Amino acid sequence: MFEIVKAGGIVMLPLILCSIVAVAITLERLWTLSGRRVVPEELTDKVWRWVENRSLSDKQIQALQQHSPLGRVLAAGLSNRHRDRVLMMEAIDDAGRHVAHDLERYLGALSTIAAISPLLGLLGTVTGMMRTFKAITVAGVGNPSAMAGGIAEALITTAAGLIVAIPALVAFRYLRARVDGHVIEMEKEALKLVQAIDHATATRPVAAGELEPALEDDDVRAAIA
């Protein structure tokens, strides 16, 4: 293996570095983006019971916020449960954007590695061909061994670039799809929480946007009059 790396020339060093970083990012994101860490199944049911029993406290909300990414989103809604629905949804959306950004951490670097690795391989191809033509200039075409080093460098770096880029691209696509799936799942759970709070809380103020449809009803107008 060392002889192959040595034959690939100086371009093999950044390719090896890219491969190490890609593997590290992939393993870290696979661990971080596991379903039980991002969207725990039992968490929403536990929060529902708190809402129904009206047993919520600031300490519970703070613990929920530190529990998981889903907990951060639900905690944002619970912290604004006594405000109108629009403001509560805005708080949930804001927390969701921050959580989604955290879930996508390092994926940009993984995408960059998938993009530049073939280019590094192409660079190695160019430098290898330059060595080959230099050998031809010095020794002529009648000495194949003089050209072998440059040709080997061109082929090895090209192959190495593809070997790094293809798995990195596959990992990036898979992890990005997993992030999107978690975001959709958190949106569903947050909507369930809002509906549970609507059902359990009868004293929350009504937003202006929610009041307008009601004003169109003749019976409601008569009641207000």
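Anything mentioned here points back to the structure above.
What you see is a predicted model, and the numbers here were worked out from it, not measured in a lab.

## Some details on the pattern of salt bridges
Then step 1. Taken as a whole, this structure holds 7 salt bridges when the rule is applied.
Then step 2. For Lys192, the salt bridge identified is with Glu189, shortest N-O distance 3.8 Å. Taken together, the positions of Lys192 and Glu189, both in helix H9 (residues 144–200) and 3 residues apart, correspond to about one turn of that helix.
Then step 3. Of the residues examined, Glu189 reaches a relative accessible area of 10% and is grouped as buried.
Then step 4. By sharing partners, the salt bridges in this structure join Arg72, Asp102 and Arg105 into a single network.

## Concerning the side chain of His182
Then step 1. Of note, His182 is situated in helix H9.
Then step 2. In terms of polar contacts, His182 uses its side chain to reach the backbone carbonyl oxygen of Leu33, at 2.7 Å.
Then step 3. Residues contacting His182, with those up to four places away along its chain left out, are Leu33, Ser34, Gly35, Val38, Val39 and Leu103.

## Section: the packing of helix H6 (residues 69–79) against helix H7 (residues 85–103)
Then step 1. The interhelical angle for the contact between H6 and H7, taken along N-to-C directions, is 160°, at an axis separation of 8 Å. As the angle between them shows, H6 and H7 are arranged roughly antiparallel. Crossing angle aside, the handedness with which H6 passes H7 is right-handed. Facing H6, whose interface residues are Pro69, Arg72, Val73, Ala76 and Gly77, H7 presents Met88, Ala91, Ile92, Ala95, Gly96, His98, Val99, Asp102 and Leu103.
Then step 2. Here the contact of H6 with H7 is composed, by residue class, of 9 nonpolar, 3 polar and 2 charged.

Cut-off values and rules
- Residues numbered from 1 in each chain as written.
- Predicted model: local features only at pLDDT ≥ 70, side-chain atom pairs only at ≥ 80, totals over all residues.
- Heavy atoms only, no water.
- Salt bridge = Lys/Arg side-chain N within 4 Å of Asp/Glu carboxyl O.
- Helix = DSSP H or I, 4+ residues; strand = E, 2+ residues; numbered from the N terminus.
- Buried < 20%, exposed > 50% of the residue type's maximum accessible area, 1.4 Å probe, protein only.
- Polar contact = N/O pair within 3.5 Å; in protein donor to acceptor, adjacent residues only side chain to side chain.
- Contact = heavy atoms within 4.5 Å.
- Axes fitted to C-alpha atoms, helices over the stretch in contact; angles between N-to-C directions.
- Parallel < 35°, antiparallel > 145°, perpendicular 65-115°, else oblique.
- Left-handed = near helix turned anticlockwise from the far one by under 90°.
- Nonpolar A, V, L, I, M, F, W, Y, C, P; charged D, E, K, R; others polar.

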